[in-house]
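Chain by chain, the residues:
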Amino acid sequence: MGFFGFGRKAKKEQAALDDEHAGEVAEQETAETTQDTADNANAANADDVRGQDCGPWDVDDDNIPNYDDYLDIGALYLPYLDGISLRLKANQDDGSVVGANVSVNGASLELEAFAAPKSQGLWDGVREDLLAANADAKEVDGTFGKELMLPVHVGKHTVMTRVVGIDGPRWMLRGIFSGEAVHDGEMKDTFDQYFKDVVVERGEEPLAPRDLLPMHGPITPSQRRKLAQAQAAEQEGEDATIPGQPDGPLTPMQQVETQTTLKRGPLFSEVR
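Residues numbered from 1 in each chain as written. Predicted model: local features only at pLDDT ≥ 70, side-chain atom pairs only at ≥ 80, totals over all residues. Heavy atoms only, no water.

(A) Just the overall build of the chain, in detail. Check the secondary structure of the chain and you find four helices and 14 strands. Of the contacts formed within the chain by residues at least 6 apart in sequence, a portion of 55% connects residues at least 24 apart. Carbon together with sulfur atoms contributes 49% to the accessible area of the chain, which is approximately 16,000 Å² in total. (Helix = DSSP H or I, 4+ residues; strand = E, 2+ residues; numbered from the N terminus. Contact = heavy atoms within 4.5 Å. Areas by Shrake-Rupley, 256 points an atom, 1.4 Å probe, with all protein chains shown as cover.)

Structural data, given as structure tokens:
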């Protein structure tokens, strides 16, 4: 009986040890899952989730802020910023708009939106490609998770840029910060917040991963409202005039320009 009694005790003790080990494993897995969630947040803070706590936003996000007063350039809705200058980048071949650059007070932000697959984001792969192609690039932990510090050579000068990528539903928004928007300070905070406030509209057009999302010339909020009214009137069978593109500065402090890709300076032409 002593043998069988010892056996039952040993089994109980072994079961207790197994339960304790299982608890430790569960705790470790929970901690790892929590860390993975934080690492993959890809947002303003490790605990924030894009589309829930912060932007850049998708037009279908539940918690999206009101963007009625944003400037519409197609794939992107851009918030206003006092004193801002907006330049639209155009494709050299067909003149289509492929990106935007906003700048003010020595700081600038270039924006481009790309199509992405449903199953995974693009930023990790794009970041690896940039690191492989630029020996001087350095990966850092920044406002938006993994960012790149990338020196750009312009003539005899070297300009430091900060490259950020945010993955959304079937899109990736890339931001290239330069000037006062690169290093800690008031303008960096201002442009980081600007980037967070951008709204992306992917659209339903079938596009290959890494294709640029289509954009167009700027449409102001008032023009967008007139367009909606005109479309409603057309549906009711009334005569309506569809408003055209803006023909002047957005406000006395805001000027819209068109830029040809990879061209600078005097080649800018105003949208009039």
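(B) Highlighting the packing of aromatic side chains. Using the criterion set out here, one finds four aromatic pairs in the structure. An angle of 80 degrees between the planes, with centres 5.1 Å apart, marks the rings of Phe144 and Phe195 as edge-to-face. With Phe144 in the loop between strand E7 (138-142) and strand E8 (145-154) and Phe195 in helix H3 (residues 186-197), this residue pair connects regions lying 51 residues apart in the sequence. A relative accessible area of 0% places Phe144 in the buried class. Following the ring pairs from residue to residue traces out a cluster consisting of Tyr67, Tyr70 and Tyr77. Directly above the aromatic system of Phe177 lies the positively charged group of Arg162, at a separation of 4.1 Å from the ring centroid. (Phe/Tyr/Trp six-rings, centres within 6.5 Å; stacked < 30°, edge-to-face > 60°. Buried < 20%, exposed > 50% of the residue type's maximum accessible area, 1.4 Å probe, protein only. Lys NZ or Arg CZ within 6 Å of the ring centre and 35° of its normal.)

(C) A look at the nonpolar core. Counting residues in each nonpolar core, the largest one holds 33 residues, and the members touching the most others are Leu76, Leu78, Leu173, Phe191 and Phe195. Mapped onto this core, the elements with two or more residues apiece are strand E2 (71-74), strand E3 (76-78), strand E4 (85-90), strand E5 (97-104), strand E6 (107-115), strand E9 (157-168), strand E10 (171-179) and H3. The element best represented in this core is E6, accounting for five residues. Leaving out residues up to four positions away in the same chain, Leu78 has contacts with Tyr70, Leu71, Ile73, Leu86, Ala100, Leu111, Tyr194 and Val198. Within the second largest apolar cluster, eleven residues are counted, among which are Phe114, Ala116, Leu130 and Ala137. (Core = buried A, V, L, I, M, F, W, Y, C linked by side-chain atoms within 4.5 Å.)

(D) Quick peek at H3. For H3, with twelve residues, the first-to-last C-alpha span of 17 Å sits near the 16 Å given by 1.5 Å per residue. Buried residues of H3: Met187, Lys188, Phe191, Asp192, Tyr194, Phe195 and Lys196, and no others. Against strand E1 (57-58), E3, E5, E6, E9 and E10 lie the buried residues of H3. (Expected span 1.5 Å × (residues − 1).)

(E) Region of the structure containing the pairing of E5. Counting buried residues in E5 gives eight out of eight residues, a clear majority hidden from the surface. What sits between E4 and E5 in their antiparallel hairpin is a turn of six residues, with Gly95 showing a positive phi close to 80 degrees. Two strands pair when backbone bridges link them, and E5 and E6 are joined in this way by five bridges, in the antiparallel orientation. Counted as the bridge partner of Ala100 is Leu111 from E6. Hairpin remark: E5 followed by E6, antiparallel, with two residues in the connecting loop; positive phi at Asn105, about 55 degrees. (Pairing = 2+ DSSP bridges.)

(F) Expanded view of the environment of Val163. By the secondary structure assignment, Val163 is in strand E9. Counting along the chain gives 26 residues from Val163 to Ala137, while the straight-line C-alpha distance between them is 9.9 Å. Among all residues touching Val163, those that are not within four sequence positions of it are Trp123, Leu130, Glu147, Leu148, Leu150, Arg174, Gly175 and Ile176.

(G) Structural context of the pattern of salt bridges. Going through the model one piece at a time under the given rule, you end up with 13 salt bridges. Across the pair Lys89 and Glu112 runs a salt bridge whose closest N-O atoms are separated by 3.2 Å. One end of the pair, Lys89, is in strand E4; the other, Glu112, is in strand E6, with 23 residues separating them in the sequence. When sorted by exposure, Lys89 lands in the same class as Glu112, which is buried. Residue Glu139 is joined to Arg127 by a salt bridge in which the shortest nitrogen-to-oxygen separation is 2.6 Å. Linking Glu139 in strand E7 with Arg127 in helix H2 (residues 123-133), this pair joins segments that are twelve residues apart in sequence. (Salt bridge = Lys/Arg side-chain N within 4 Å of Asp/Glu carboxyl O.)

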